[in-house]
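Structure at a glance
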Amino acid sequence: MTLSAIINSLSHDKQVALAIWLMRDAIPVWDKYTVKHKLTYRDSVVGLKHCVDKDLIRQSIDAVNLYFCSAQTAKESILNAQLIPLYKQFDDPIIALQDGDWELPTEVERTFFAAYNLLCAALDKENVGSDESYLSLSINQAIDALDSSETLSVAEIESIIAKCQH
């Protein structure tokens, strides 16, 4: 069975749990980079310098986890107070990465995009030009970051997926 088929066979709640688990394991990929590098870039359109919060990934994972674990009555408050402001912090850096104004090592970029796509999943964003859900995309990007950075072995990743299947 392919990874895509395995992910699609999971319930929404298990997909969320898997995405959050993998993202928590990918935090060291981000942290290792932020210790040695500034998270700044200059956009080529207007030449403004931008700085990305080094805690953006961790805050996003925590907020998404809180959102999905909360009672329905608390979700709107979490959405407005945390998810939307965090999502807005990704706007400029995502464009900078796509335009080549900000370059990151592959595993760090995958971690960044995985966190962004996890937020998109929580915000119920529409998938554009893809049949793949934001959760599935986040899971794939986190796995790619973990594998390419050698943070986790293939066997360790497969073990996490197996635990989420049961």
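Because the structure is predicted, anything quoted here is derived from the model rather than measured.

1. Considering the nonpolar core
- Counting 56 residues, the largest nonpolar core has Leu-83, Phe-90, Trp-102 and Phe-112 as the members making the most contacts within it.
- Going through the elements one at a time, α1 (3-9), α2 (12-36), α3 (56-69), α4 (72-99), α5 (106-122), α6 (134-148) and α7 (154-165) are the ones with two or more residues in this core.
- Ignoring anything within four residues of it in the chain, the contact list for Trp-102 reads Trp-30, Leu-39, Thr-40, Tyr-41, Val-52, Pro-93, Ala-96, Leu-97 and Phe-112.

2. Re the side chain of Asp-43
- Looking at where Asp-43 falls in the secondary structure, it is placed in the loop between β1 (40-42) and β2 (49-51).
- At 7.9 Å, Arg-42 is the nearest oppositely charged side chain to Asp-43, a buried residue that forms no salt bridge.
- Polar contacts involving the side chain of Asp-43 include one to the main-chain amide nitrogen of Val-45, which spans 3.3 Å.
- In this structure, Asp-43 is in contact with Leu-48, His-50 and Asp-101, ignoring residues within four places of it in sequence.

3. A closer look at the packing of aromatic side chains
- Summed over all chains, the structure comprises 7 aromatic pairs.
- With centroids separated by 5.6 Å and ring planes inclined at 25 degrees, the aromatic side chains of Trp-30 and Phe-112 adopt a geometry described as stacked. One end of the pair, Trp-30, is in helix α2; the other, Phe-112, is in helix α5, with 82 residues separating them in the sequence.
- What makes Trp-30 buried here is its relative accessible area of 1%.
- Residue class for Phe-112 comes out buried when judged on its relative accessible area of 0%.
- Where Trp-102 meets Phe-112, the ring centres are 5.5 Å apart and the plane angle is 85 degrees; that geometry is what we call edge-to-face. Here Trp-102 is found in the loop between α4 and α5, whereas its partner Phe-112 is found in helix α5, with 10 residues between them in sequence. The residues Trp-102 and Phe-112 share a single accessibility class, namely buried.

The rules we used
Residues numbered from 1 in each chain as written. Predicted model: local features only at pLDDT ≥ 70, side-chain atom pairs only at ≥ 80, totals over all residues. Heavy atoms only, no water. Core = buried A, V, L, I, M, F, W, Y, C linked by side-chain atoms within 4.5 Å. Buried < 20%, exposed > 50% of the residue type's maximum accessible area, 1.4 Å probe, protein only. Helix = DSSP H or I, 4+ residues; strand = E, 2+ residues; numbered from the N terminus. Contact = heavy atoms within 4.5 Å. Lys, Arg positive; Asp, Glu negative; His and termini not counted. Salt bridge = Lys/Arg side-chain N within 4 Å of Asp/Glu carboxyl O. Polar contact = N/O pair within 3.5 Å; in protein donor to acceptor, adjacent residues only side chain to side chain. Phe/Tyr/Trp six-rings, centres within 6.5 Å; stacked < 30°, edge-to-face > 60°.

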